[in-house]
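# Structural characterization, general
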Amino acid sequence: MTRALVLGGGGIAGIAWEAGIVTGLRREGLDLGTADTIIGTSAGSVVGTLIATGADLEQAVAKQSTTDHGPRPPVDMAPVMQAFGILFDPRVDPKEARRRVGELALALPIVEGMARIESVGSRLPVKVWPDRDLQVTAVDAATGQFVVWTHESGVDLPLAVASSCAVPCVYPPVEINGARYMDGGVRSGTNADLAKGAETVVVLEPLIGMVPPERLARELEKTGAARTTTVGPDAAAKAVFGTDVLDPGLWAPAFKAGLAQAPSVAAQVGEVWN
């Protein structure tokens, strides 16, 4: 049986919550880290890398909660909302929509965010690609082309993860081999269709409910998987997230929220995973 773990985007809240869910499920005797394929987008690229490289998730989050206190770049929400408007406009071809969002991202001189986005990869405990199927998503900001970084891409793992987390109009696109790349979530919050061929797919989606559920349903259908399930934050976790998922103060609370939620979803996940 081939199993895929799909980890979606969701800022700092998403990283910590996903790490909490995975840690909590392990305590319930269910290890999602045994996946044959791990697909990470944005926040999910961080968690996917931690899992694939064998890092201690609780320790990694605890370190962030004591060291990551900002400063964060001031965010002008006008271009962010403009970007979302483009992405969800059904009249615009998806690749062209991504290109237009990339144009917005490249035009903004977000100097304050450069150091922070670069630090995303540098804070990884292990900075070398693992010898397993880890896929990190990103989008070429100039062309809108979707890319999937793997150990065969020849790209440094920290750079790949940083590019996947480069939220357009919040952080500057990350330069890799002369091109600049932005958040893989510009294409999809989960990119679950990359799990095509897997028999079992488990999706952790921190921002569930913020995009039409039909999108994820279509992606899962494309995988052809016989068994799929999706876990999003429960009401308690959503209350912890609040309205700013990029708040560094969420490291510890969001992890605890995921940890507390895990027992309630163990049966749901275990039914397909096992």
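What this report covers is the structure whose coordinates are included nearby. Given the structure is predicted, the values throughout are model-derived calculations rather than measurements.

### Concerning the overall build of the chain
Scanning the chain from N- to C-terminus turns up ten helices and eight strands. Whereas a compact globule of 274 residues would reach a radius of gyration of roughly 19 Å, the chain reaches 17 Å, a difference of no more than 12%. Over its C-alpha atoms, taken along the principal directions, the chain stretches across nearly 50 × 40 × 35 Å. Looking at the chain residue by residue over its 274 residues, the buried ones come to 55%. Long-range contacts, defined here as pairs at least 24 residues apart, represent 79% of the contacts in the chain between residues at least 6 apart. Accessible surface, the chain as shown: approximately 11800 Å² in total, 54% of it carbon and sulfur.

### What to know about the nonpolar core
Counting residues in each nonpolar core, the largest one holds 77 residues, and the members touching the most others are Leu25, Leu32, Trp149 and Leu204. If one sorts the elements of this core by residue count, helix H10 (residues 251–273) sits on top with ten residues. Beyond its immediate chain neighbours, meaning those up to four positions away, leucine 204 contacts Leu5, Val6, Leu7, Gly8, Trp17, Glu18, Ile21, Val22, Leu32 and Val231. Membership of the second largest hydrophobic core comes to eleven residues, among which are Ala4, Ala192, Ala195 and Ala225.

### Brief notes about the environment of alanine 192
Position of alanine 192 among the secondary structure elements: in the loop between strand S6 (179–183) and strand S7 (200–204). The class of alanine 192 is buried, set by a relative accessible area of 0%. A sequence separation of 24 residues divides alanine 192 from leucine 216, and the C-alpha atoms of the two residues are 7.1 Å apart. Non-local contacts of alanine 192, meaning those with residues more than four positions away in its chain, are made with Val6, Val203, Leu216, Glu219, Leu220 and Thr223.

### Focus on the environment of isoleucine 117
In this fold, isoleucine 117 is placed in helix H6 (residues 111–122). Overall, isoleucine 117 belongs to the buried group, its relative accessible area being 1%. Expressed as a C-alpha distance, the spacing of isoleucine 117 and glutamine 261, which sit 144 residues apart in the sequence, is 29 Å. The contacts of isoleucine 117, once residues within four sequence positions are left out, are Ala162, Cys165, Ala166, Tyr171, Pro172 and Val174.

### Section: helix H1 (residues 11–27)
With 17 residues, H1 should cover 24 Å at 1.5 Å per step; its first-to-last C-alpha distance of 25 Å lies within 8% of that length. Counting buried positions along H1 gives 15 out of 17 residues, so the element sits mostly inside the fold. Glycine 29 sits one or two residues past H1 and shows a positive phi near 85 degrees.

### Description of the state of the cysteines
Counted by the stated rule, this structure contains zero disulfides. Here cysteine 165 is not disulfide-linked; the sulfur of cysteine 169 is the nearest cysteine sulfur, at 16 Å. Exposure remark for cysteine 165: the relative accessible area of 9% places this residue in the buried category. Relative accessible area serves as the criterion here: at 4%, cysteine 169 is assigned to the buried category.

### Concerning the side chain of serine 45
Among the structural elements, serine 45 can be located in helix H2 (residues 43–52). Of note is the side chain of serine 45, whose polar atom sits 2.6 Å from the backbone oxygen of serine 42. Contact partners of serine 45, with chain neighbours within four places excluded, come to Gly40, Val136, Val161, Ser164 and Cys165.

### Quick look at the pattern of salt bridges
For the structure shown, the criterion picks out nine salt bridges. With its nearest N and O atoms 2.8 Å apart, the salt bridge here joins arginine 26 to aspartate 31. Under the relative-accessibility criterion, arginine 26 is labelled partly exposed at 32%. Of the residues examined, aspartate 31 reaches a relative accessible area of 31% and is grouped as partly exposed. In this structure, aspartate 89 engages arginine 91 in a salt bridge whose closest nitrogen and oxygen atoms are separated by 2.9 Å.

Analysis parameters
- Residues numbered from 1 in each chain as written.
- Predicted model: local features only at pLDDT ≥ 70, side-chain atom pairs only at ≥ 80, totals over all residues.
- Heavy atoms only, no water.
- Helix = DSSP H or I, 4+ residues; strand = E, 2+ residues; numbered from the N terminus.
- Rg over C-alpha atoms; globule rule 2.2 N^0.38 Å.
- Buried < 20%, exposed > 50% of the residue type's maximum accessible area, 1.4 Å probe, protein only.
- Contact = heavy atoms within 4.5 Å.
- Areas by Shrake-Rupley, 256 points an atom, 1.4 Å probe, with all protein chains shown as cover.
- Core = buried A, V, L, I, M, F, W, Y, C linked by side-chain atoms within 4.5 Å.
- Expected span 1.5 Å × (residues − 1).
- Disulfide = S-S within 2.5 Å.
- Polar contact = N/O pair within 3.5 Å; in protein donor to acceptor, adjacent residues only side chain to side chain.
- Salt bridge = Lys/Arg side-chain N within 4 Å of Asp/Glu carboxyl O.

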